[in-house]
Number of protein chains: 4
Amino acid sequence: MIIMETDATEEQVAEVVKEIEKYGLRADVSRGDYMTVIGPVGDERKLPFDRLAVLPGVKEATMVETPYKLISREYAKFFGEAGDRRVIRLGNVSIGSGEPVFIAGPCAVESREQIFKIAEGVKRAGAHILRGGVFKPRSSVHSFQGLGANGREGAEEALAWLREAGEEFELPVITEVRGEAQVDLVAKYTDILHIGARNMYDQDLLVQAARKRKPVLVKRHFGATIEEFLCFAEYVAAEGNKDIILCERGIVPVGRGKSYTRYVLDLAAVPVVQKETYLPVIVDPSHATGRRDLIFNMSCAAIAAGADGLMIEVHYDPREALVDGPQMITPDELKDVIDACRKVHKLVSSQQSNAKN
Amino acid sequence: MIIMETDATEEQVAEVVKEIEKYGLRADVSRGDYMTVIGPVGDERKLPFDRLAVLPGVKEATMVETPYKLISREYAKFFGEAGDRRVIRLGNVSIGSGEPVFIAGPCAVESREQIFKIAEGVKRAGAHILRGGVFKPRSSVHSFQGLGANGREGAEEALAWLREAGEEFELPVITEVRGEAQVDLVAKYTDILHIGARNMYDQDLLVQAARKRKPVLVKRHFGATIEEFLCFAEYVAAEGNKDIILCERGIVPVGRGKSYTRYVLDLAAVPVVQKETYLPVIVDPSHATGRRDLIFNMSCAAIAAGADGLMIEVHYDPREALVDGPQMITPDELKDVIDACRKVHKLVSSQQSNAKN
Amino acid sequence: MIIMETDATEEQVAEVVKEIEKYGLRADVSRGDYMTVIGPVGDERKLPFDRLAVLPGVKEATMVETPYKLISREYAKFFGEAGDRRVIRLGNVSIGSGEPVFIAGPCAVESREQIFKIAEGVKRAGAHILRGGVFKPRSSVHSFQGLGANGREGAEEALAWLREAGEEFELPVITEVRGEAQVDLVAKYTDILHIGARNMYDQDLLVQAARKRKPVLVKRHFGATIEEFLCFAEYVAAEGNKDIILCERGIVPVGRGKSYTRYVLDLAAVPVVQKETYLPVIVDPSHATGRRDLIFNMSCAAIAAGADGLMIEVHYDPREALVDGPQMITPDELKDVIDACRKVHKLVSSQQSNAKN
Amino acid sequence: MIIMETDATEEQVAEVVKEIEKYGLRADVSRGDYMTVIGPVGDERKLPFDRLAVLPGVKEATMVETPYKLISREYAKFFGEAGDRRVIRLGNVSIGSGEPVFIAGPCAVESREQIFKIAEGVKRAGAHILRGGVFKPRSSVHSFQGLGANGREGAEEALAWLREAGEEFELPVITEVRGEAQVDLVAKYTDILHIGARNMYDQDLLVQAARKRKPVLVKRHFGATIEEFLCFAEYVAAEGNKDIILCERGIVPVGRGKSYTRYVLDLAAVPVVQKETYLPVIVDPSHATGRRDLIFNMSCAAIAAGADGLMIEVHYDPREALVDGPQMITPDELKDVIDACRKVHKLVSSQQSNAKN
């Protein structure tokens, strides 16, 4: 990490970048309010920090040992993120600003009518962002793969419906991009690119998505440790895109026999990741539990743990949904969840600041 | 499960029990407010339910398929637990009554002075029950094993200090019983017998503890599924002791490398177990996370998830503690946690009942 | 699954396919020695099996419940795989033929000289196929990413070296394809397309790779159950490509603290997968253990468990390797492993057939 | 660890022990062929190694950092175990001597006739030691708990049958001791005390069993890391009993849905534990897989991995067995397994010594 003097010139920054590239690394340049920080991308052990430290305009040059340095709080401190937190703005919606954000919608876009009806419902319930899958990652090739499976035209039609529904109800939209070949198409219609849990380890997809310069939501793979999760989010940051939303959605259960929930929701990961990085962290209780009857409690628990938002699957008639029916709630139930979560957030954050004083 | 007529006589109950025992099973008799229910202990497939159903005084006789039937909500329905929940009373303290209960104290009793000082602190902070380990289960024989390791006298002295501290500050006490040989001694001094996570699979210990007719707190083993957890709690119930407190304290992490928390706290287990059984469920955020800086958030989250209480490790000077220092909080910090949790409980339960209406 | 009469005509087959497509499914047509079998790709519950069963030329039409039907042994029975096993042929090399196959080479291609030197060594040691990574999937963006990271030219140069080394020493070659964008390029130079463990869940990559009509080696993800592993291999088969090699390479360890091996090698998965499918199953002891000193024993164990081959990392000087040095063995050590494994295979298979008689 | 001079006197040894005890630790004294080694039991950081090093007769005094030092190979080096391996002798049977040892018998002793019939069968098949459970650890209180559940008389009768069957067919016997209260009774009838996987964490039971001065077989808990496994075996060694047999029997699977095997057999644990300790390591493929059809392959694989023996469940009619029928093999099948394993052992160990030369 190279911290530049407050009055360092663009030429001096360029000189440092050139020096870093000489050793086969790339450089991430973060311009903050007060200073500029340069993060080398690659094996820092190859860099001559002694030499970098005495270049003109350089205030400090030190090696960072953690494998996810560009998203770490340490790094944010210097380039001026307020309170070391990244706030991601999409029109009127701010993610990571201190107020919880609610992303809601169906697992899969099924028809124009369906997505409009749900968009209207989640807007009424108080949600901020509309979700809806077009390219569904499925374990079985024999299951419904989303409308994205109907060739380019089918995909584009479904994406357009999502976009229109979002515009109609003033909701930014998010949809999953499952493979590199879909990045251009999805980026054309969506405000946030969603990298699903199954694709978290797909570094080429992360890089392509990052280059679209739109916010990227990265879900934790169900077999990934927190460290791996952060290492793969770092691939997005290394492309110069720091608008990353991290999402905890449950990890694989251990042991034989009956599971009462689909995955194990690791809520302690929320404060842990917030302490490690400057990025907002949200929780998806729908996929984590797979059970409609647990959404209320686990949503409140996620917010109490400090989550910056929730992503919840909603359908006006869960029994009719083509995918994930058992975990969907109705717009009315969503309203109860959002109301409760807002109050829990307010209560816990005020108690917490009292506690610190 | 055999449900007796409301006016069934003791002779009729005895007749059913005798019939069950004829087939090599035992019988658990639960006398509720309105009726008596008899739960066979053993392989129900050996029983002639047709024949049992026509015995005098029998209203209904059906086979229950779940492996933990005596603690299941289904069973409670008939013998009259209010709202299908078990309330465990210890003097003025009620566990499972709707108000969260706080168990607090040091990991290990270290001296008379230490336990008195901590008892005073946790009482002041609002805790209801005092904890303190005398027989410490430790992974390494080379680590401090608690004062219980100093022979019978050392153990009894430490237990007596705990008891006295509890009486001085009007706090019922709980301590871990690690082996069968300790059951008599521990039961003499403690109000609740605590079966630690490592011993959850120790059915002989569970049986011995159950026979003391005191409440038994059973912690989930860190490698156990929810089903296994409930199956082993069933061993206590099968001895006729239904005063069981279940405690979630984290399960093993999956994956290689650095762990940011000691275990993975499975908060969804709280509502799941409450739906499966009529027993109170508490959470131990101290052992689950192993990190003092996560206790506040994870305690609020546990209560938001619906936990009936918390068990928290407290020390006036965590740096001095012989065991588990990094996860202990001070009495002042405990007060902040308890205050926040009470408010979270009140808020979430009122929002939840509004949501249902 | 629709089994056609032995003398069914092409028109009759086409008629069945057309009927299946009418319901929104695709059809996989397998022409065996004695009969043709048609496997619907998609949700079979939508198909009118009654109606399909009476179409001309149809012998039998039944629904298959397993999610991986096209690679299942059941399916193979009908289209005539000898002994229900798929044999994959690459020049003189047969995979799945009964004789174990050895794939060996460095983790990463580092230079022309390095890959030639290692190719010579593994050929001399008795290996059949040369491996070498060009596009390395890495957890950290700050680690060496393989020569494939040096843009298209760097990648093509490294792939060409691998190909030349393979031709020089008469070894078919295999290299990993990490993202969809690399499929064309990799397929141009390699005999087998290798889908790494991290990409196992990447269905779009699997589909693209399958379409190259070359054998595809699919590694089990370290967080995947056997069922998931087979479900994702099914994506390759659903493209009509049945030349699939399955590879067990270890699953994530459970629990805290020190791991003595990188992953847990699940050798029972070998006979399990061989019973479930008709595909060859190989084992990668190098990534599974991460320890050079365990390769000999775990290789023998894998072959004793019935593996159809091994994939082993080899370097003439493991200390020099840019990636995975601690798990590489030398060509001389490889020779010891191959010699021992051949004898173990011969011994165990002869004892096993004796045992069955 | 304190290494005494070759000619150190008993008084000098006693002096060192006294000094160690002064600091609240215990001392394990191992008298080898050439020298005596003293291992402190407890927190070595409390000991003044400088002072111990200059006591008369002391050659070397150093702190050992691993938590399982008394069973480590380092420790064995000095007290003269041949080749750093412990050989446990029971009459004509040697465990850890280089020849694989086969322990076989039913999961549960069901009747005198049953155990005699099986003893005859396993003897004929070539097994060395007879197993048979009397106290069965079961997940459900509603399942058959073994004849040990029929009170003290029932237990003693079943143990006597096992003993008689062993004597009749010249087979030492092993049975599980599930709780502390059973230690005296079981030790009266059995040659090896078996601590089951579920009880691995039960340190009080390990200590009681160790004190019987008979070999103790410790199974790895299905949720335990290798380090935890060794730490708990250390409890036996710390009682001065080094006749410990370690047994790998599978760890919990990770992930949702169908399991094809009961547990995941971690065969790499075999060479790992042999490198870490001087103790013999055996494998139980029956409980690990839960599938009769995998026993042959996984037994050969275990021996190829270097196991010192196997523990296999056998019944003359697996369909009739009260417990674990699906994983039992017949005596004839056992013979095939033993014959194959002996040959695999001979082959792999000779190849391995060739490889080293």
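Everything numeric in this text was worked out from a predicted model, so none of it was measured.

Caption draft 1: Structural context of the relation of the copies chain B and chain A. In the superposition of chain B on chain A (RMSD 0.0 Å, axial shift 0.0 Å), the rotation amounts to 180°. Look at the turn and shift together and you get a two-fold axis relating the two. Looking at the rotation axis and the C-alpha trace of chain B, the residue lying nearest is B:Ala301, at 2.0 Å.

Caption draft 2: Highlighting the nonpolar core. Counting 428 residues, the largest nonpolar core has A:Leu267, B:Leu267, C:Leu267 and D:Leu267 as the members making the most contacts within it. When sequence neighbours within four positions are dropped, the list of residues in contact with B:Leu267 reads A:Leu267, A:Met298, B:Val283, B:Met298, B:Ala301, B:Ala302 and B:Ala305.

Caption draft 3: Inspection of the interface of chain A and chain C at higher detail. If you look at the interface, chain A gives 37 residues, while chain C gives 37 residues. Of the roughly 2800 Å² buried at the junction of chain A and chain C (both faces included), carbon and sulfur atoms supply 51%. Counting every contact that joins chain A to chain C gives two salt bridges. One salt bridge connects A:Arg178 with C:Asp204, and the closest N-O pair in it is separated by 2.6 Å. Along the contact surface separating chain A from chain C lie 20 residue pairs in polar contact (both at pLDDT 80 or more). Of the residues assigned to the side of chain A that touches chain C, the class counts are 14 nonpolar, 11 polar and 12 charged.

Caption draft 4: Local environment of unusual backbone geometry. Residues other than glycine seldom take positive phi values, yet A:Glu170 does so here, at roughly 55°. Position of A:Glu170 among the secondary structure elements: in the loop between helix 5 (151-168) and strand 9 (173-176). With a phi angle near 60°, D:Arg213 is a residue other than glycine that sits in the positive phi range.

Caption draft 5: Here's a closer look at the relation of the copies chain A and chain C. Placing chain A over chain C gives an RMSD of 0.0 Å and needs a rotation angle of 180°, together with 0.0 Å of translation along the axis. Taken together, the interface assignments show that 100% of the residues at the interface of chain A recur at the interface of chain C, consistent with an identical surface on both copies.

Caption draft 6: Region of interest: the packing of helix 4 (residues 112-125) of chain C against helix 5 (residues 151-168) of chain C. Residue and element names in this part refer to chain C. At a closest axis distance of 9 Å, the pairing of helix 4 and helix 5 adopts a crossing angle of 30°. Taken together, the axis directions place helix 4 and helix 5 in an arrangement best described as roughly parallel. Crossing handedness for the pair helix 4 and helix 5: right-handed. Together, Arg 112, Ile 115, Phe 116 and Ala 119 of helix 4 and Trp 161, Leu 162, Glu 164, Ala 165 and Glu 168 of helix 5 make up the contact between the two elements.

Caption draft 7: Up close: the pattern of salt bridges. For the structure on display, the rule yields 108 salt bridges over all chains. We note a salt bridge from C:Asp339 to C:Lys335, for which the minimum N-O separation is 2.9 Å. Remark: C:Lys335 and C:Asp339 occur in helix 12 (residues 331-356); sequence separation between them is four residues, near one turn of the helix. By relative accessible area, C:Lys335 is classed as partly exposed at 37%. Each member of the salt-bridge network shares a partner with another, and the members are A:Glu19, A:Lys22 and A:Arg51.

The rules behind these values
- Residues numbered from 1 in each chain as written.
- Chains lettered and ligands numbered in written order.
- Predicted model: local features only at pLDDT ≥ 70, side-chain atom pairs only at ≥ 80, totals over all residues.
- Heavy atoms only, no water.
- Least-squares fit on C-alpha atoms with pLDDT ≥ 70 in both.
- Core = buried A, V, L, I, M, F, W, Y, C linked by side-chain atoms within 4.5 Å.
- Buried < 20%, exposed > 50% of the residue type's maximum accessible area, 1.4 Å probe, protein only.
- Contact = heavy atoms within 4.5 Å.
- Buried area = accessible area lost by both parts, 1.4 Å probe.
- Salt bridge = Lys/Arg side-chain N within 4 Å of Asp/Glu carboxyl O.
- Polar contact = N/O pair within 3.5 Å; in protein donor to acceptor, adjacent residues only side chain to side chain.
- Nonpolar A, V, L, I, M, F, W, Y, C, P; charged D, E, K, R; others polar.
- Helix = DSSP H or I, 4+ residues; strand = E, 2+ residues; numbered from the N terminus.
- Axes fitted to C-alpha atoms, helices over the stretch in contact; angles between N-to-C directions.
- Parallel < 35°, antiparallel > 145°, perpendicular 65-115°, else oblique.
- Left-handed = near helix turned anticlockwise from the far one by under 90°.

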